[in-house]
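Results of the structural survey
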Amino acid sequence: MTPINSNLLQGPKKWLGNIRSFSLKSRSALLGLDVGHRNIKGIRLTGRSGRVALESFFCQDLSQIFQNFPSGRDLNQVLKALSEIHQLSGVVTSSAIPDSQMIRFDLSLPPLPKSETRAAVEHEVGKLAKIPEDELVIDYWAPRGKKQPAESSLQIKAFAAKRAAIQQHIDTLQVAGLKLKSIESRMLANIEALRFNDYIHSDSQCIVVDIGDLSTTIAFVRNGTLESCRSEETGMGTVNAVLQSRHGTDFLSAERAKIAYNLNSDNASQPDTDSIEEVYLRILRAIKESIDATMENTLDSKPERILLVGGGSRSI
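The following paragraphs examine the structure supplied in this document.

Cut-offs and rules
Residues numbered from 1 in each chain as written. Predicted model: local features only at pLDDT ≥ 70, side-chain atom pairs only at ≥ 80, totals over all residues. Heavy atoms only, no water. Salt bridge = Lys/Arg side-chain N within 4 Å of Asp/Glu carboxyl O. Helix = DSSP H or I, 4+ residues; strand = E, 2+ residues; numbered from the N terminus. Buried < 20%, exposed > 50% of the residue type's maximum accessible area, 1.4 Å probe, protein only. Pairing = 2+ DSSP bridges. Axes fitted to C-alpha atoms, helices over the stretch in contact; angles between N-to-C directions. Contact = heavy atoms within 4.5 Å.

1. Focus on the pattern of salt bridges
Enumeration according to the criterion identifies 19 salt bridges in this entry. Among the salt bridges present, the one from Arg186 reaches Asp34, with a minimum N-O distance of 2.9 Å. One end of the pair, Arg186, is in helix H4 (residues 186–196); the other, Asp34, is in strand E1 (residues 29–35), with 152 residues separating them in the sequence. Residue Asp34 is classed as partly exposed on the basis of its relative accessible area, which comes to 22%. The partner of Arg118 in a salt bridge is Asp139, and the shortest N-O contact between them spans 3.1 Å. Note that Arg118 is positioned in helix H2 (residues 114–129) and Asp139 in strand E6 (residues 136–141), a separation of 21 residues in sequence. Within this structure, Arg38, Asp61, Glu255 and Lys258 form a network of salt bridges that share partners.

Next up, the structure:
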């Protein structure tokens, strides 16, 4: 997967790019930005003498800004303020969208000239997704591995997102003056970060679980590459929402109850235990079902460990 140009959606549909494709020239800068439901996280990298250096980073908890969070949550306002504080206007930016907005396909295509592969992938994805091709943004890659004979079928990992969702993300970042270079799925970005920090290698077989505020995403990494991925629309923020709706608890009280809960001890004295445990069980059930499906469908490649990422992983 290669980074796109700056023609936004007026140019090629190739909008999903991988940060590992970037090379930072001397004194150039790249901002990696994760805009979540509750947190906005950014990391700014700079090229220095052929090396990549960490220049700065930030994490802004939106619940500390908006008194009635998540009501009144205004991303444009916060992004503009962060851009001004950290002098980000015009900085080349790589961002990510939730995996729940991504559609993934494993394709097997007949041998094709490289010039025809993209058109074939877009046609197949549109047909399988039952969404017109011009309403999708599509990218793909051939998984790592031994080079296949020219006469063998072409194995493709295809990724797609609705064009409207991509456009909304672009509009939000451009309000803050950011120069968007590529958009990635969060899980692919997580895997690259884990690879960079030496948690994932070319022979790794593992489960990566991203526990966010609104959702939990479970991915199986095979031979160091994303093999499968599913998202469950339940995250640690669901605890707050359930406590607020069932018990009339305000956000801060719900947050305190969530922090006080201990998964490994007796919480009988805590009045909201049943509601909290219901959400935890939903998250843990989704993880277990993904592991079971992985073990069933990939008997030759068993996961060696589970890696937890995301803000909600601190509570598990």
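2. Notes on the sheet that holds strand E4 (residues 92–97)
Overall, mixed pairing links the 5 strands, which are arranged E3-E2-E1-E4-E8 in an open sheet. The open sheet has two free edges, formed respectively by strand E3 (51–61) and strand E8 (179–185), since each of these has just one partner strand. Along the sheet, successive strands turn relative to each other by an average axial angle of 20°, direction set aside. Looking at chain direction, E1 and strand E2 (residues 39–48) are connected through 7 bridges and run antiparallel. Across the sheet, the residue bridging to Val35 is Ile40, located in E2. In this fold helix H1 (residues 75–85) packs onto E1, E2 and E3, with an angle of close to 30° to the strand it touches most, E2. Against the sheet, H4 engages E1, E4 and E8, with an angle of about 90° to E8.

These figures come from the coordinates and say nothing about function on their own.
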